Amino acid sequence: MKITNGVTAVGTGTDSGRTKSATQTSRTPAPQASDQVELSSLAARLQEASAATAEPIDTARIAEIKQAITDGRFQVNPERIADGLLESARQLLANRR
């Protein structure tokens, strides 16, 4: 096996199979220290609301559900899922007002 410093190009074009250096294949500029990400006010409010209402993760319950799925005992209750979705939609609409 031959080891080279280049990156092998993958594709169907005429360059397929040729070796290119990393600087030739990379077209996306590297992130700069000054790059910033800003959340919109809605996204920030949603993030705050979800953090405020977040319940602790019940790892024992998760393990129980995983085992039930593995054993084939887990049953989906579509009515309960639908009720939960409707309630979430009601809460979101009430919070918008």
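Structural notes, computed from the coordinates. (Residues numbered from 1 in each chain as written. Predicted model: local features only at pLDDT ≥ 70, side-chain atom pairs only at ≥ 80, totals over all residues. Heavy atoms only, no water.)

**A look at the overall build of the protein**
Turning to step 1, where the next piece is worked out: A tally of regular secondary structure across the protein gives four helices and two strands.
Turning to step 2, where the next piece is worked out: In the protein, the succession of α and β elements from N to C terminus is β-β-α-α-α-α.
Turning to step 3, where the next piece is worked out: With 97 residues in all, the protein has 2% of them scored as buried.
Turning to step 4, where the next piece is worked out: When the accessible area of the protein is evaluated, it comes to approximately 9600 Å², of which 54% is carbon and sulfur surface. (Helix = DSSP H or I, 4+ residues; strand = E, 2+ residues; numbered from the N terminus. Buried < 20%, exposed > 50% of the residue type's maximum accessible area, 1.4 Å probe, protein only. Areas by Shrake-Rupley, 256 points an atom, 1.4 Å probe, with all protein chains shown as cover.)

**Description of a nonpolar patch on the surface**
Turning to step 1, where the next piece is worked out: On the surface, Ile69, Phe74, Val76, Ile81 and Leu85 cluster together into a nonpolar patch covering about 510 Å² of accessible area.
Turning to step 2, where the next piece is worked out: Here Leu85 shows up in helix 4 (residues 78-96). (Patch = residues over 30% accessible without salt bridge, like charges linked within 9 Å, V, L, I, M, F, W, Y side chains within 5 Å. Salt bridge = Lys/Arg side-chain N within 4 Å of Asp/Glu carboxyl O.)

**Section: the pattern of salt bridges**
Turning to step 1, where the next piece is worked out: Applying the stated criterion across every chain, the model contains three salt bridges.
Turning to step 2, where the next piece is worked out: Arg61 serves as the salt-bridge partner of Glu64, at 2.9 Å between the closest nitrogen and oxygen. Remark: Arg61 and Glu64 occur in helix 3 (residues 59-71); sequence separation between them is three residues, near one turn of the helix.
Turning to step 3, where the next piece is worked out: Look at Arg61 and you get partly exposed, because its relative accessible area is 41%.
Turning to step 4, where the next piece is worked out: Asp71 is the partner of Arg73 in a salt bridge, and the nearest nitrogen-oxygen pair spans 3.4 Å.
Turning to step 5, where the next piece is worked out: Judged by relative accessible area, Arg73 falls into the exposed class, the value being 53%.

**Let's talk about helix 3**
Turning to step 1, where the next piece is worked out: In this model helix 3 runs 18 Å from its N-terminal to its C-terminal C-alpha over 13 residues, within 8% of the 18 Å that 1.5 Å per residue would give.
Turning to step 2, where the next piece is worked out: Just beyond helix 3, the residue with positive phi is Gly72, at close to 80°. (Expected span 1.5 Å × (residues − 1).)

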